[in-house]
Amino acid sequence: MDRDEIQGYYERYGAALYRRARTMLKNEQAASEILQDVFVAVIKNADSFRGEASPYTWLYRIAVNTAKKALLELKRDPLVSHGSMVSHDGDDETSRAES
């Protein structure tokens, strides 16, 4: 699977995968992060796609499983939503509030 093929999957299925994640997580930012995680996983594991199912089915399963994992993490620590408290530079809102 090459970059153009993955880009095509993103363009064709990205909106539907985002909507599914948003429905599951009830959070737009978390859904965007899930969509990003899905396509990172696709890039890393492109060789694992065997073609036994449609590409959408494969992507859908990755999206649903990734969203379920995020929900489990949220359930373990309900005070921190998936990615909403921690910025990518390692600085989080709680440390800024204490300053």
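Residues numbered from 1 in each chain as written. Predicted model: local features only at pLDDT ≥ 70, side-chain atom pairs only at ≥ 80, totals over all residues. Heavy atoms only, no water.

Peer 1: Break down the nonpolar core for me, with residues and values.
Peer 2: In terms of nonpolar packing, the biggest core is built from 23 residues, with Leu17, Val38, Phe39, Val42 and Leu59 touching the most fellow members. Among the elements of the structure, helix H1 (3-25), helix H2 (28-44) and helix H3 (55-76) are those that each provide at least two residues to this core. No other element matches H1, which puts eight residues into this core. With near-sequence residues (within four places) excluded, Leu59 lies in contact with Tyr9, Tyr13, Leu17, Val38, Phe39 and Val42. (Core = buried A, V, L, I, M, F, W, Y, C linked by side-chain atoms within 4.5 Å. Buried < 20%, exposed > 50% of the residue type's maximum accessible area, 1.4 Å probe, protein only. Helix = DSSP H or I, 4+ residues; strand = E, 2+ residues; numbered from the N terminus. Contact = heavy atoms within 4.5 Å.)

Peer 1: Give a detailed account of the packing of aromatic side chains, specifying residues and quantitative values.
Peer 2: Under the defined criterion, the tally for this structure stands at five aromatic pairs. With 5.2 Å between their ring centres and 80° between their planes, Tyr10 and Phe39 make a pair best called edge-to-face. Of this pair, Tyr10 sits in helix H1 while Phe39 sits in helix H2, and the two are 29 residues apart along the sequence. Consider the rings of Tyr13 and Tyr56, whose centres lie 5.3 Å apart with planes at 45°: the pair is tilted. (Phe/Tyr/Trp six-rings, centres within 6.5 Å; stacked < 30°, edge-to-face > 60°.)

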